[in-house]
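Okay, here's what each chain looks like letter by letter:
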Amino acid sequence: MGLIMSKLVTIYGGSGFVGRYIARRMAKAGWRVRVAVRRPNEAIFVKPYGVVGQVEPVLCNIRDDASVQAVMSGADAVVNCVGILAEVGKNQFDAVQAEGAERVARIAAEEGIERFVHLSAIGADPEAESEYARTKAQGEAGVQAHMPHAVILRPSIIFGPEDQFFNRFASMSRLGPMLPVVGADTRFQPVYVDDVAQAAELALTGDVAAGIYELGGPEVASFRALMQRMLEVIHRRRLVVNVPFFMARIMAFGFDMMQKLSLGLITNSMITRDQVRNLAKDNVVSDDAKGFPDLGITPVALSSVLPDYLWRFRPSGQYDAIKESAKNLRT
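In short, a report on the structure. All values reported here derive from a predicted model rather than from experimental measurement. (Residues numbered from 1 in each chain as written. Predicted model: local features only at pLDDT ≥ 70, side-chain atom pairs only at ≥ 80, totals over all residues. Heavy atoms only, no water.)

1. Remarks on the overall build of the protein chain
Turning to step 1, where the next piece is worked out: Each helix and strand counted, the protein chain has twelve helices and 13 strands in total.
Turning to step 2, where the next piece is worked out: For the protein chain, whose C-alpha radius of gyration is 21 Å, the value lies close to the compact-globule estimate of 20 Å for 331 residues.
Turning to step 3, where the next piece is worked out: Taken across its 331 residues, the protein chain has 49% of its residues classed as buried.
Turning to step 4, where the next piece is worked out: For the protein chain, the centre of its 37 positive side-chain charges and the centre of its 36 negative side-chain charges are spaced 8 Å apart. (Helix = DSSP H or I, 4+ residues; strand = E, 2+ residues; numbered from the N terminus. Rg over C-alpha atoms; globule rule 2.2 N^0.38 Å. Buried < 20%, exposed > 50% of the residue type's maximum accessible area, 1.4 Å probe, protein only. Lys, Arg positive; Asp, Glu negative; His and termini not counted. Charge placed at Lys NZ, Arg CZ, Asp CG, Glu CD.)

Structure representation (structure tokens):
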């Protein structure tokens, strides 16, 4: 690189599911990448995305002004990928998704940052019953107040090798003949993680108009239909059973209480009341929203990616295909 220093991007939450894909793309594009995370020693895996020293995990607490400012110093662009799906300890929806997002944007404005990308979610709505969706909307408003030229990305449910969606249910499918889901008729528009990362890269490097982009993949399907697709990929026959919302609320209340009474020693990894509220609403791109077509990106279909990472949940894992063909030999 000689004396020309390449541009620097700070990615808050850059070792998370989406953040790591953005980090990898920005490193490939020749940028220096600062991955701002709570536990840098657990984010060492991002270093090989670039040449030595190009991608660096650094300590940052998004709840603290000085910490956010320190890792932004000298950056040309900023991405905020920090979000939570459930509240644990000090990581509350308000503190992380509303105040945290606004803090990053306010400091970016003070630092004179030109390019700013914020990762939100479809369903972000200041009037939502779900606190997750409400604080996502508050975060967007905070970002736009300080960084009016920001690009805000709202993906539907995101799939990819490290996802917490298909992996989780594929893992559950090994436990018995039934696969219980809450909101079986709720519609999703699953989007591939690297397509979201490509949208972020374009917003950082290209000519993308400011504003909100809703990102959904090429197909819309109900939760039940997605589970059936997943079961086909992993060669398992399971009955997808819908858990009625009233029952889900009772169960979630029990799990939430357990977390509360144990003072956080037991975390509710099953389902929270807030997630039940969220699952009652369709999670698809709205008709009038800007999206992938406006970015010139053709999103990848589920079928071309799912088998790449779900094969390990097949009854014989990587040998499943061999066993299948062996059966044909015997006949």
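Having seen the model, we can carry on.
2. Looking at the nonpolar core
Soluble, globular proteins show a tendency: their nonpolar side chains are buried together.
Turning to step 1, where the next piece is worked out: Membership of the largest hydrophobic core comes to 69 residues, with the highest contact counts inside it found for Phe166, Met227, Met230 and Leu310.
Turning to step 2, where the next piece is worked out: In terms of residue count, helix H6 (residues 193–205) provides more of this core than any other element does, seven residues in total.
Turning to step 3, where the next piece is worked out: The contacts of Met227, once residues within four sequence positions are left out, are Phe165, Phe166, Phe169, Leu179, Val181 and Val240.
Turning to step 4, where the next piece is worked out: Of all hydrophobic cores here, the second largest spans 27 residues; its members include Leu8, Val71, Val82 and Val96. (Core = buried A, V, L, I, M, F, W, Y, C linked by side-chain atoms within 4.5 Å. Contact = heavy atoms within 4.5 Å.)

3. Structural notes on the side chain of Asp163
Turning to step 1, where the next piece is worked out: You can see Asp163 is positioned in the loop between strand E7 (158–159) and helix H5 (166–172).
Turning to step 2, where the next piece is worked out: Here Asp163 sits buried without a salt bridge, and the closest side chain of opposite charge, Arg312, lies 7.7 Å off (N-O distance).
Turning to step 3, where the next piece is worked out: Engagement of the side chain of Asp163 in a polar contact is seen with the side chain of Tyr309, the distance being 2.5 Å.
Turning to step 4, where the next piece is worked out: The contact partners of Asp163, leaving out residues within four places of it in the chain, are Phe17, Ile158 and Tyr309. (Salt bridge = Lys/Arg side-chain N within 4 Å of Asp/Glu carboxyl O. Polar contact = N/O pair within 3.5 Å; in protein donor to acceptor, adjacent residues only side chain to side chain.)

4. Describing helix H3 (residues 93–111)
Turning to step 1, where the next piece is worked out: With 19 residues, H3 ought to run about 27 Å at 1.5 Å a step, and its terminal C-alpha atoms sit 26 Å apart, in line with that.
Turning to step 2, where the next piece is worked out: The secondary structure elements touched by the buried residues of H3 are strand E1 (8–12), helix H2 (65–72), strand E4 (77–80), strand E5 (115–119), helix H4 (131–146) and helix H9 (273–279).
Turning to step 3, where the next piece is worked out: Gly112 sits one or two residues past H3 and shows a positive phi near 70°. (Expected span 1.5 Å × (residues − 1).)

5. What to know about the pattern of salt bridges
Turning to step 1, where the next piece is worked out: On inspection of all chains with the given rule, the structure shows 14 salt bridges.
Turning to step 2, where the next piece is worked out: Across the pair Glu56 and Lys47 runs a salt bridge, and its minimum N-O distance is 3.9 Å.
Turning to step 3, where the next piece is worked out: Because the salt bridges share partners, they merge into one network encompassing Asp65, Arg103, Arg106 and Glu110.

6. Focus on unusual backbone geometry
Turning to step 1, where the next piece is worked out: Phi at His235 is positive, roughly 55°, even though this residue is not glycine.
Turning to step 2, where the next piece is worked out: By the secondary structure assignment, His235 is in the loop between helix H7 (223–233) and strand E13 (239–243).
Turning to step 3, where the next piece is worked out: The exposure class of His235 is partly exposed, given its relative accessible area of 39%.
Turning to step 4, where the next piece is worked out: You will see that Leu263, though not glycine, has its phi angle at about 55°, which is positive.
Turning to step 5, where the next piece is worked out: Positionally, Leu263 belongs in the loop between helix H8 (245–261) and H9.

7. Concerning the layout of surface pockets
Turning to step 1, where the next piece is worked out: Of the voids in this model, the second largest pocket is the one considered here, and its volume is about 400 Å³.
Turning to step 2, where the next piece is worked out: When contributions to the lining of the second largest pocket are tallied by element, the ones reaching two or more residues are H8 and H9.
Turning to step 3, where the next piece is worked out: Residue composition of the lining of the second largest pocket, grouped by class: three nonpolar, five polar and seven charged. (1 Å grid on protein atoms, 1.4 Å probe; cavity = no way out; pocket = protein on both sides within 12 Å on 5 of 7 lines; lining within 4 Å. Points joined across faces, edges and corners; volume = space filled by probe spheres on them. Nonpolar A, V, L, I, M, F, W, Y, C, P; charged D, E, K, R; others polar.)

8. Some details on the sheet that holds E1
Turning to step 1, where the next piece is worked out: Pairing is parallel across the open sheet formed by seven strands, whose spatial order is E3-E2-E1-E4-E5-E6-E11. A strand with exactly one partner marks an edge of an open sheet, and here the two such strands are strand E3 (55–59) and strand E11 (211–215). This sheet shows a mean twist of 20° between the axes of neighbouring strands, independent of strand direction.
Turning to step 2, where the next piece is worked out: Pairing between strand E6 (residues 151–155) and E11: five bridges, direction parallel. (Pairing = 2+ DSSP bridges. Axes fitted to C-alpha atoms, helices over the stretch in contact; angles between N-to-C directions.)

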